Amino acid sequence: MNGDLQQISRYRGALMGIAILLIVLFHVGLSRTDPFFGVKRMGNVGVDIFFLLSGIGLWYAWTKNPSAVHFYQRRLLRIFPAWLLVATAFYLPDYLGAQRFSSSIPDLIGDITINWDFWLHDELTFWYIPATMALYVVAPCYMTCITRWPVFRWSPLLMIVMCVAIQYVRPLHDAIGHIEIFWSRVPIFLIGIGMGNLLKDNKRIDGATYTFLFLLLLTSLTTCIWMEQTLHGRFPLFIERMLYIPLTISFVILTARLLSSAPIRLTALLTWIGGISLEIYLLHCHFILVHIERWGWSYWPKALTCLALTLPAAWILHKLLEWLIRQTTKS
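Only a predicted model underlies this, so the values are computations on that prediction, with no experimental measurement involved.

Enquirer: Mind showing me how you'd approach the overall build of the chain here?
Expert: Scanning the chain for helices and strands turns up 17 helices and two strands. In terms of overall dimensions, the chain has a C-alpha envelope of 60 × 55 × 50 Å along the principal axes. Across the 331 residues of the chain, 48% fall into the buried class. Restricting the contact set of the chain to residue pairs at least 6 apart, pairs at least 24 apart contribute 78%. Each charge sign in the chain was given a centre, from 26 positive and 18 negative side chains, and these centres are 10 Å apart.

Given below as structure tokens:
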């Protein structure tokens, strides 16, 4: 079985669709004692898949047009309008009512614009968005750096060391340890940027490599499932997120290979879901699932109902934002 890394780029949209489905399944509530709990928790790796694919996509975009202004405009138009609309719909009613998140006008503005309570207090409501925007801010500098000095492609190793230091070096932990969920995802994002170069070179993958990747996937996945099922809450989460790195890389490469043989309708559906993944992320948990959880249903009815309601809502939001952006850019 041979293939090439270009399959990741070819099926990037479908892989993003799989990633957001995993995230939705991760967020659906399930009893800690359920035998499926450890498997369900693996949906968390969907975030790492997104960061890896984002890094790959950024490298492609940067090598086509290495302009920081163009880079920020493209990223801003994709993320910020959706974020502003949904963040306003979430934080403004909260400020006018319960004030669980925003306790003042400056706090409200900070939450809506950059979700600053995530950076200040690890408020995780929409944490992926400010984390992504922060990585996008530094990405052009990093890509310029590794272009001029290729040795800095090894920076993910430095970030892994930093993750350990942030957990166990007390001054660092006290200062920035509260956003461990962000720091432990930086390595996979940087690896994605590095993989973008390999994809552009169309590196081939032979059968022996696929065998190794399968063993890597199997060992990292089963270890994570066992840890979650038997030790959940009793280990620093960054340890498991280090295991997510080989899990994510092997999963993405192997799944891209499988998608090349999958039915066209399946890949088209996954690609469509991937195209509205930002909107799905913003809507599913705090606007839809939060209400479904109150109904007392079992896991799969909750998950499937959440998807059935979220997908059309996310598509409508996506189309609305496309229209608004077109009208704005015309004027």
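Enquirer: Quick question: what am I supposed to make of helix α4 (residues 45–64) here?
Expert: Because each turn of an α-helix spans 3.6 residues, side chains separated by three or four positions end up pointing in the same direction. Across its 20 residues, α4 extends 29 Å between first and last C-alpha, which sits within 8% of the 28 Å expected from 1.5 Å per residue. The element α4 is largely enclosed, with a buried count of 17 among its 20 residues.

Enquirer: Hey, could you run me through the packing of helix α9 (residues 155–168) against helix α14 (residues 237–259) in this one?
Expert: When two helices pack together, their arrangement is captured by the angle between the axes and the distance separating the axes. It is the contact of α9 with α14, at a shortest axis distance of 11 Å, that shows an interaxial angle of 170 degrees. In terms of orientation, α9 lies roughly antiparallel with respect to α14. Within the contact between the two elements, α9 uses Ile-160, Cys-163, Val-164, Gln-167 and Tyr-168 and α14 uses Phe-238, Ile-239, Met-242 and Ile-245. Looking at side-chain class alone, the contact of α9 with α14 contains eight nonpolar, one polar and no charged residues.

Enquirer: Would you take a moment to explain the side chain of Ser-277 for this structure?
Expert: Among the structural elements, Ser-277 can be located in helix α16 (residues 277–292). The contacts of Ser-277, once residues within four sequence positions are left out, are Met-16, Ile-20 and Phe-50.

Enquirer: Whenever I open this one, the pattern of salt bridges confuses me. Can you help?
Expert: Proximity of charged atoms lets side chains of opposite charge pair with each other. The tally for this structure, following the rule as stated, stands at eight salt bridges. The salt bridge partner of Glu-279 is Arg-78, with a shortest N-O separation of 3.1 Å. Of the two residues, Glu-279 is situated in helix α16 and Arg-78 in helix α5 (residues 68–96); the sequence distance between them amounts to 201 residues. Of the residues examined, Glu-279 reaches a relative accessible area of 0% and is grouped as buried. Residue Arg-100 pairs with Asp-94 through a salt bridge whose shortest N-O separation is 3.2 Å.

Enquirer: Quick question: what am I supposed to make of the environment of Leu-77 here?
Expert: By secondary structure assignment, the location of Leu-77 is in helix α5. Separated by 244 residues in the primary sequence, Leu-77 and Leu-321 have C-alpha atoms spaced 9.6 Å apart.

Enquirer: What should I look at first to understand the packing of helix α15 (residues 264–275) against α16 in this one?
Expert: Between α15 and α16, whose axes approach to 5 Å, the crossing angle comes to 65 degrees. Listed contacts from α16 to Ile-273, Gly-274 and Gly-275 of α15 are Ser-277, Glu-279 and Ile-280. Broken down by class, the residue content of the contact of α15 with α16 amounts to two nonpolar, three polar and one charged.

Enquirer: I tried to follow the state of the cysteines on my own but got confused; where do I start?
Expert: Taken as a whole, this structure holds zero disulfides when the rule is applied. Here Cys-285 stays free of any disulfide, with the sulfur of Cys-306 as its closest cysteine sulfur at 7.8 Å. The exposure class of Cys-306 is buried, given its relative accessible area of 1%.

Enquirer: I tried to follow the packing of aromatic side chains on my own but got confused; where do I start?
Expert: Remark: the centre distance and the inter-plane angle together describe each pair of aromatic rings, the angle taken between the planes. Enumeration according to the criterion identifies 26 aromatic pairs in this entry. Their ring planes at 50 degrees and their centres at 6.5 Å tell us that Phe-51 and Trp-127 sit as a pair that is tilted. With Phe-51 in helix α4 and Trp-127 in the loop between α7 (116–121) and α8 (128–148), this residue pair connects regions lying 76 residues apart in the sequence. The burial state of Phe-51 is the same as that of Trp-127; both residues are buried. Where Tyr-299 meets Trp-300, the ring centres are 5.0 Å apart and the plane angle is 85 degrees; that geometry is what we call edge-to-face. Given the relative accessible area of 7%, Tyr-299 is considered buried. Here the aromatic cluster, defined as three or more aromatic residues joined through ring pairs, consists of Phe-50, Phe-51, Phe-118, Trp-119, Trp-127, Tyr-128, Phe-182, Trp-183, Phe-189 and Tyr-281. Residue placement shows Arg-75 over the ring face of Phe-71; its charged tip is 4.9 Å from the ring centre.

Enquirer: How do you make sense of unusual backbone geometry when you look at a structure like this?
Expert: Most peptide bonds take the trans configuration, and most residues that are not glycine carry a negative phi. Backbone geometry places Gln-99, a non-glycine residue, at a positive phi of 55 degrees. You can see Gln-99 is positioned in the loop between α5 and α6 (105–114). Its identity as a non-glycine residue notwithstanding, Asp-122 has a phi of 60 degrees, on the positive side. Summarising the element assignment, Asp-122 is placed in the loop between α7 and α8. With relative accessibility at 27%, the residue Asp-122 sits in the partly exposed group.

Enquirer: Sorry if this is basic, but what is going on with a nonpolar patch on the surface here?
Expert: Taken together, the side chains of Trp-149, Val-151, Phe-152, Trp-154 and Leu-157 present a nonpolar region at the surface, about 590 Å² in accessible area. Position of Trp-154 relative to the elements: it lies in the loop between α8 and α9.

Enquirer: Please clarify how the environment of His-318 should be interpreted in this entry.
Expert: Relative to the assigned elements, His-318 resides in helix α17 (residues 299–330). On the basis of relative accessible area, His-318 is assigned to the buried category, the value being 14%. Considering only alpha carbons, one finds His-318 and Ala-134, 184 residues apart in sequence, at a separation of 23 Å.

The rules behind these values
- Residue positions are counted from 1 within each chain, in the order its sequence is given.
- Under the rules for a predicted model, residues below a pLDDT of 70 receive no local features and side-chain atom pairs below 80 are neither given nor counted, while totals for whole chains, interfaces and linings still include all residues.
- Each side-chain value is worked out from all heavy atoms of the structure, with water and hydrogens disregarded.
- In DSSP terms, a helix is any run of H or I states spanning at least four residues, a strand is any run of E spanning at least two, and both are numbered starting from the N terminus.
- The buried label applies to any residue whose accessible area, calculated with a 1.4 Å probe on protein chains only, is under 20% of its type's maximum; exposed applies above 50%, and partly exposed to all values in between.
- Contacts: residue pairs with any heavy atoms within 4.5 Å of one another.
- In this tally Asp and Glu are treated as negative and Lys and Arg as positive; neither His nor the chain ends contributes.
- Charged side chains are reduced to one point each, which is NZ for Lys, CZ for Arg, CG for Asp and CD for Glu.
- A helix is expected to span 1.5 Å for every residue after the first.
- For every element, the axis is a line fit to its C-alpha atoms; helices are fit only across the contacting stretch, and the angle between N-to-C directions ranges from 0 to 180 degrees.
- Here the word oblique covers every angle except those under 35 degrees (roughly parallel), over 145 (roughly antiparallel) and from 65 to 115 (roughly perpendicular).
- When residues are grouped by polarity, Ala, Val, Leu, Ile, Met, Phe, Trp, Tyr, Cys and Pro land in nonpolar, Asp, Glu, Lys and Arg in charged, and all others, Gly among them, in polar.
- In the sections that follow, a salt bridge refers to a side-chain nitrogen of Lys or Arg positioned within 4 Å of a carboxyl oxygen of Asp or Glu.
- Cysteine sulfur atoms are paired as a disulfide whenever they come within 2.5 Å of each other.
- Pairs were defined over the aromatic rings of Phe, Tyr and Trp, the Trp ring being its six-membered one, requiring ring centres within 6.5 Å. Orientation was assigned from the angle between planes: stacked under 30 degrees, edge-to-face over 60, tilted for the rest.
- Think of it as a cone above the ring: NZ of Lys or CZ of Arg counts as a charge over the ring if it is within 6 Å of the ring centre and within 35 degrees of the ring normal.
- Residues enter a patch when their relative accessible area is above 30% and they make no salt bridge; the linking distance is 9 Å between like charges and 5 Å between nonpolar side chains (Val, Leu, Ile, Met, Phe, Trp, Tyr).
- Note on areas: these come from Shrake-Rupley sampling with a 1.4 Å probe, and a residue is covered only by the protein chains present in the view.

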